[in-house]
Amino acid sequence: MQACSRRGFLSTGVMAVAGGSMMSNPTAQAQQKGLIAAKKPVFVATWNFGKPANEASLRRYTEGGSLLDAIEEGIRLTEADKSNASVGAGGKPAANGKVQLDACIMNGPGSKAGSVGGIEDIMHPISVARAVMEKTPHVMLVGEGARAFAIDQGFAPANLLTPEEHDAWKTWKKENQSLEVGEDNHDTIALVGLDGEGNLAGGCSTSGLAYKLPGRVGDSPILGSGLYVDNEIGAAGATGVGENVMRFCGSFMVVEYMRQGLHPEDACAETIRRIARLDGRPIEELHINFIAVDKQGRFGAAGTGKGFPYAVTYPGYSQVLQSKALSQRAIGIEGGNAPIDQQP
Ligand code: SD4
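Just so we're clear, the structure is a prediction, and the values are computed from it rather than from any experiment.

This part is about the nonpolar core. In this structure, Val44, Phe290, Phe299, Tyr310 and Val312 are the most contacted members of the largest nonpolar core, which totals 69 residues. Core analysis: the second largest hydrophobic core is formed by 17 residues, Val99, Leu101, Val116 and Ala150 among them.

Take a look at the structure:
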C-alpha cells in the first residue's frame, strides 16, 4: 500500500546506516526527513515564504511566547510582506479591485478557534481571527462585520492594494476579465506547530484567488478545510484552489488519516488521492497541497502535479523541502522532503 512507503524507506534507511553508507548522524537525518519526531517546538508552513515565517514563530516561542503567539507572529510576518501578492497587504484584489482577506487560527487545547472571511482594509486578519476566538463567543466573522469588529478592537484600517497590484488589476480589467483558477494566481500561508509540552496549534491566511468574485470565501478561514488542529492527533493546513479543498474538509481529512495511523506525509497524499477520486478530474487539474505535523513531531506534505515547497523549522534546523508529488500518470510517486534550500 502506498501509504506505507515512508516506513519502508525508514527501515531501508536504518539498514543503510547499519551498513555504514549513510551520514554519521542518522537520528538527525531521520528528523530532517520527518520520519521520526523532530526536536520541539517544530513549525511547518506552506511555500518558500513559510521559512522566514517559521523562523519568526520559533523566535517568538524561544523568547517566551505561547505556541499561539508564535503561530500568529509567523503569519503576521507574511501578511506584512507587500512583495507577497497572495497574503495580507500587497495581496491581489477581487474583481472589484478590493483586497478581501481570509484567515483562521486554532489552538489544540480546548479546540478553540477564530476566523475571518472576506475582511477588507485590515493588514493582519490572523490577529483579528485570534481576537474573534478570544474576545467573542463566536468562531467566524465575515465581510463588513469582521471589519467593524477589527476597527472596534483597535486595528487601524489600511489601504492593502499596492500600486503594482492596482496596475495589474487595471490591465486584467481591460484585457481579460476572466477568472482563471490555475497554478499561479493564488497562495496561502498555513503554519502549524507543536510545542515542547506536546500541544498543537495552527493558523492560515490568504488574499485568496486573484480577481475572485467579490464575497468569494475560500477554504483558508474554514475550520476543517484550510486548517485543522486536533490536540490528540496532529494538525494540517492547505494551500491551493480552495474550491477543491473545502468540498472535502481537506485538512480535517488529513488529521483523520493520521488518527488511523498514517504518517503525516502519507495522510496528505491519501487525502489528495481521495479528493481526486471523488472529484473525478485528473490530479494535475486540482492544484491542491497539504502540510501536516503529528503529535509526535513527525511532519510531511503532499501536492498535486509537481508538488510544492514547504518549510520546516525546529531548534537548530530550518529548511525548505520539496513535498511529495502526486500526478495522474504515476500516483503516489517520488518521496518528498528533498531539501530545496540548504541555507539555515
Ligand atoms: C483560496 N486556498 O482562497 C486559497 C488560495 C491558496 O494557493 O492557497 N492558494 O482558495
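Past the structure itself, the notes keep going.
This brings us to the pairing of strand 11 (residues 309-314). Working note: regular strand, side chains alternate between the two faces of the sheet. Burial of strand 11 is extensive: 6 of the 6 residues sit out of reach of the surface. Of the two faces of strand 11, the one lined by Pro309, Ala311 and Thr313 and the one lined by Tyr310, Val312 and Tyr314 are each fully buried. Examined bridge by bridge, strand 1 (residues 42-46) and strand 11 share 4 bridges and lie antiparallel to one another. Its bridge partner being in strand 11, threonine 46 is matched across the sheet by tyrosine 310. Two strands pair when backbone bridges link them, and strand 11 and strand 12 (residues 317-322) are joined in this way by 6 bridges, in the antiparallel orientation. Bridge pairing in strand 12 links valine 312 to glutamine 319. Hairpin connection of strand 11 to strand 12: 2 residues between the antiparallel strands, including glycine 316 at a positive phi of 85°.

Looking now at unusual backbone geometry. The residue after lysine 40, namely proline 41, is reached through a cis peptide bond having omega 0°. Mapped onto the elements, proline 41 comes out in the loop between helix 2 (26-32) and strand 1. Of note, the phi angle at tyrosine 211 is positive, near 60°, even though the residue is not glycine. Locating tyrosine 211 in the fold gives a position in the loop between strand 6 (200-206) and strand 7 (227-230).

Our next topic: the confidence of the model for the protein. Across the protein, the average pLDDT comes to 88, with 86% of residues at or above 70. Low confidence marks residues 1-22, where pLDDT is under 50. Its contacts with residues over four positions away, or in another chain, come to 31 contacts. Within the model, the stretch residues 330-334 combines pLDDT values under 50 with 15 contacts to residues more than four positions away or in other chains.

With that settled, the discussion passes to helix 4 (residues 67-80). Its 14 residues give helix 4 an end-to-end C-alpha distance of 20 Å, which sits within 8% of 20 Å, the value for a rise of 1.5 Å per residue. Within the sequence span of helix 4, burial applies to Leu67, Leu68, Asp69, Ala70, Ile71, Glu72, Gly74, Ile75, Thr78 and Glu79. Tucked into the core, helix 4 has its buried residues touching strand 1, helix 3 (50-62), strand 2 (101-107), helix 5 (125-135), strand 5 (189-194) and strand 6.

The subject of this paragraph is the pattern of salt bridges. The final tally for this structure, using the stated rule, is 19 salt bridges. The shortest N-O distance in the salt bridge between lysine 98 and glutamate 120 comes to 3.8 Å. One end of the pair, lysine 98, is in the loop between helix 4 and strand 2; the other, glutamate 120, is in the loop between strand 3 (112-119) and helix 5, and 22 residues separate them in sequence. One salt bridge in this structure joins glutamate 243 and arginine 216, with 2.7 Å as the shortest N-O distance. One end of the pair, glutamate 243, is in helix 8 (residues 243-246); the other, arginine 216, is in the loop between strand 6 and strand 7, with 27 residues separating them in the sequence. For glutamate 243, a relative accessible area of 29% corresponds to the partly exposed category. Among the residues examined, arginine 216 registers a relative accessible area of 13% and is labelled buried. One continuous salt-bridge network, built from bridges that share partners, spans Arg60, Asp69, Glu72, Arg130 and Glu134.

Reading guide: rules and limits
- Residues numbered from 1 in each chain as written.
- Predicted model: local features only at pLDDT ≥ 70, side-chain atom pairs only at ≥ 80, totals over all residues.
- Heavy atoms only, no water.
- Core = buried A, V, L, I, M, F, W, Y, C linked by side-chain atoms within 4.5 Å.
- Buried < 20%, exposed > 50% of the residue type's maximum accessible area, 1.4 Å probe, protein only.
- Helix = DSSP H or I, 4+ residues; strand = E, 2+ residues; numbered from the N terminus.
- Pairing = 2+ DSSP bridges.
- pLDDT = per-residue confidence, 0-100.
- Contact = heavy atoms within 4.5 Å.
- Expected span 1.5 Å × (residues − 1).
- Salt bridge = Lys/Arg side-chain N within 4 Å of Asp/Glu carboxyl O.

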